[in-house]
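Single-letter residue listing:
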Amino acid sequence: MNSTDKKLGMDRHISRRDILHGIGTMAVGTMAPVLTGVAQTQAAQTDSSSLLSRDYPPARTGIRGNHPGSFQVAHQLARYGQTDWGIAREPDSEPYDLVVVGAGISGLSAAHFYQKEKPDARILILDNHDDFGGHAKRNEFQVGERTLIACGGSSFLVQPSDYSQIVKGLLNDLGINLRRFETAFDSDFYKRHGLSAGLHFSKKKWNADRTVPFAGPFFEYLPMAKTSLSVEESVAQMPISNAAKKEFLRLLTIEEDQISEIKADAKEEYLSTISYRDFLSNHLGVTEPEVFAVLQDLAYDPGMGIEAVDAYLGLTYAGLPGWRAAGLPDDTEEYDPLIHRFPDGNASIARLLVRSMIPSAASGNSMEDIVTARFDYSKLDRPNSPVRLRLNGTVTRLQHEGNPRSAKNVRVSYVQHGQAYQVKAHGCVLACNNSIIPYLCPELPPAQRQALSNQVRQPILITNVALRNWHAWKKLRIGAVLSPGSYHIGAQLDYPVSLGDYSSPSDENQPVTATMFRYPHTNNQGLTPKEQYRQGRYDLLSTSFETIERNVRTQLLSMLGTAGFDPAGDILAVTVNRWAHGYAYDMYSHALFDKMYEDDEDERYPHIRARKPFGRITVANADSAASAMLEAAVEQGHRAVAELLSS
């Protein structure tokens, strides 16, 4: 290990018992040490962590999300054509009424809706991960006597006032009072502490480590404090050439419509046909490479660079500069404030669903006590429970008993801990990724298998870092940054949400989690989104925890080092949520590549054809709606159950 790694703290011993896995209440630094980097990765992969951590997945660190062990069997099936995992045992003698494949929001919702219609039904939910919730992932860290809760995936309830009655009904069933979030989310937190948004430039990319408070359009979805710097002063601090500063400042301040020849009612359509990069170069006269480089990945959520994101999406959804220059009208539509969030994001909704169906798994009965409820994972799969949730089980085959048109049952084969099993059910909801379904169910019609294979999910990396305190953030007066050219495109202090017995850190002396995010893709190579997503998936699956940890430490030092941040002493733990198959492919995010139709239910869309019911099998997942939103997953779960019950 070289001196740079030592400065970063790659050699530091972190207490697994006190810091990483939530055992005990002794002070930091007094426990037996554990290695970070490669040794920690090996420990996670060999499951040599503490007994309690093995029994409580949210407290596990290292690689989470698509963790080691969760995808190997699926890859053996889909990549290498393996179909034989030995003689299958039949652990359950009686058929289930329903088997759900996938314990994400859609699968759990499907089980909820089915049980609501048939209270006496026997339901089995299978999932290949060691935790339930799918992308609604919960991370926990224990620092001394303080528990830090973080979100490792699906985060907010977005615009819940517009939810359908189906989704509102499910939230009501779970006891979720949306108005409670108005006081749970501390909207004054950033302003009270003087924390603004900013841009971070690293020395490796920009020849200077510099974090610039920024009065521009970024992070408008957060109630950040306003920086004392003017736009001119912020741009002046950027480590870019004077010519680039001049162009960038013009881009941020221009008020005149630069495409006035396009009528107002045609602007959206036109802007959807050109990339944001073309908008900058063709209509705003941007020529400086550094301006393009700063903005290249700041439309981060669609997982593509500005040459592949259409201008309308970049200006509206991504909030990139140039609204006035495009002649777009002031947005007068009223939106719900972005406050509807549990401390662990939508993981609490998954937990509420599981607790409602398997009450013995956790105590409590409210949206508040779910936040700190301790789940007993040993009670998720009990023989006497009408609903059973079986983790670490990868489904390998789904087949009707006889002709699908007349069959009364299906057989579901799966592998758990290397052993093959088989169960029988009267019906099955496939709430897993579309792309694996053709391999699980080869009896599906060829056209449907092809449509299912069309779905390519967007890869995402969400890294949560437990910090000793947030002095450096407060000193720099920064709460969230975007980092052009860095490994993680953004980093921010965790959202200030306090609910039930859980309180978010209120002052800079307390431990806190910071969330960093990365959307791997390939810029300016002429690749389609699906081609970029496939390459990004390879990037995630081939990158070690040690490499990610080193990037985390390097980036936080670059960002906060001038304010006294010490990565060796201030970073207590790192949890990496790796989603190789992340966001569902959103048909509205790829206007430059995909044909759009007036009717959202048009059967020319692959996802509409892919979700057709087949005998006793239905499909429910975010893929089925071509939307990564929670409400879409819930609605698809409801649709699939309705189809199954009516067949």
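The structure this text deals with has already been given above.
Since this is a predicted model, take the numbers as computed values, not measurements.

Chemist: Explain the pattern of salt bridges to me, using residue names and the numbers behind them.
Modeler: All told, the structure shown has 30 salt bridges when counted by the stated rule. A salt bridge links Asp186 to Arg192, with the shortest nitrogen-to-oxygen separation between them at 2.5 Å. The residue Arg518 makes a salt bridge to Asp539 at a minimum N-O spacing of 3.5 Å. Of this pair, Arg518 sits in strand S16 (residues 512-518) while Asp539 is found in helix H21 (residues 529-541), placing the two residues 21 residues apart along the sequence.

Chemist: Could you give an account of the sheet that holds strand S12 (residues 428-430), with specific residues and numbers?
Modeler: Pairing within the open sheet is parallel, and its five strands lie in the order S8-S3-S2-S12-S18. Single-partner strands in this sheet number two, and they are strand S8 (387-390) and strand S18 (617-619). Adjacent strand axes in the sheet meet at a mean angle of 15° when their direction is disregarded. As defined by bridge partners, S12 adjoins S18 across three bridges and the pair is classed as parallel. Bridging from a neighbouring strand, Val429 pairs with Thr618 of S18. Against the sheet, helix H6 (residues 105-117) contacts strand S2 (98-101), strand S3 (123-126), S8 and S12, and its axis sits at roughly 180° relative to S3.

Chemist: Break down the sheet that holds strand S10 (residues 410-416) for me, citing the residues and quoting the values.
Modeler: A sheet is described by the order of its strands in space; here three strands give the open sequence S9-S10-S11, paired in antiparallel fashion. At either margin of the open sheet sits one strand with a lone partner, and together these are strand S9 (393-400) and strand S11 (419-425). Pairwise comparison of adjacent strand axes, ignoring direction, gives a mean angle of 20° for this sheet.

Chemist: Lay out the nonpolar core in plain terms, naming residues and giving numbers.
Modeler: Among the nonpolar cores identified, the biggest contains 154 residues, and Phe279, Trp473 and Leu556 are the most heavily contacted of them. Beyond its immediate stretch of four places on either side in the chain, Leu556 contacts Val465, Leu467, Trp473, Met516, Gly561, Phe565 and Ile571.

The rules behind the values
- For every chain, the first residue of the written sequence is number 1, and numbering continues from 1 onward in sequence order.
- At least 70 in pLDDT is required for a residue's local features to be given in this predicted model, at least 80 for side-chain atom pairs to be given and counted, and no such filter applies to totals for whole chains, interfaces and linings, which use all residues.
- Values shown for side chains rest on all heavy atoms present in the structure; no hydrogens or waters enter the calculation.
- Throughout this description, the term salt bridge denotes a Lys or Arg side-chain nitrogen within 4 Å of a carboxyl oxygen of Asp or Glu.
- Runs of H or I in DSSP of at least four residues are treated as helices and runs of E of at least two as strands, each being numbered from the N terminus.
- In this description, strands pair whenever DSSP reports at least two bridges between them.
- Working convention: axes come from line fits to C-alpha atoms, limited for helices to the stretch in contact. Angles between N-to-C directions cover 0 to 180 degrees.
- Two residues qualify as a contact provided that any one of their heavy atoms is within 4.5 Å of a heavy atom in the partner residue.
- In plain words, nonpolar cores are sets of buried Ala, Val, Leu, Ile, Met, Phe, Trp, Tyr and Cys residues tied together by side-chain atoms within 4.5 Å.
- Think of it in three bands: residues with accessible area under 20% of the maximum for their type are buried, residues over 50% are exposed, and the middle band is partly exposed, with areas taken using a 1.4 Å probe on protein chains only.

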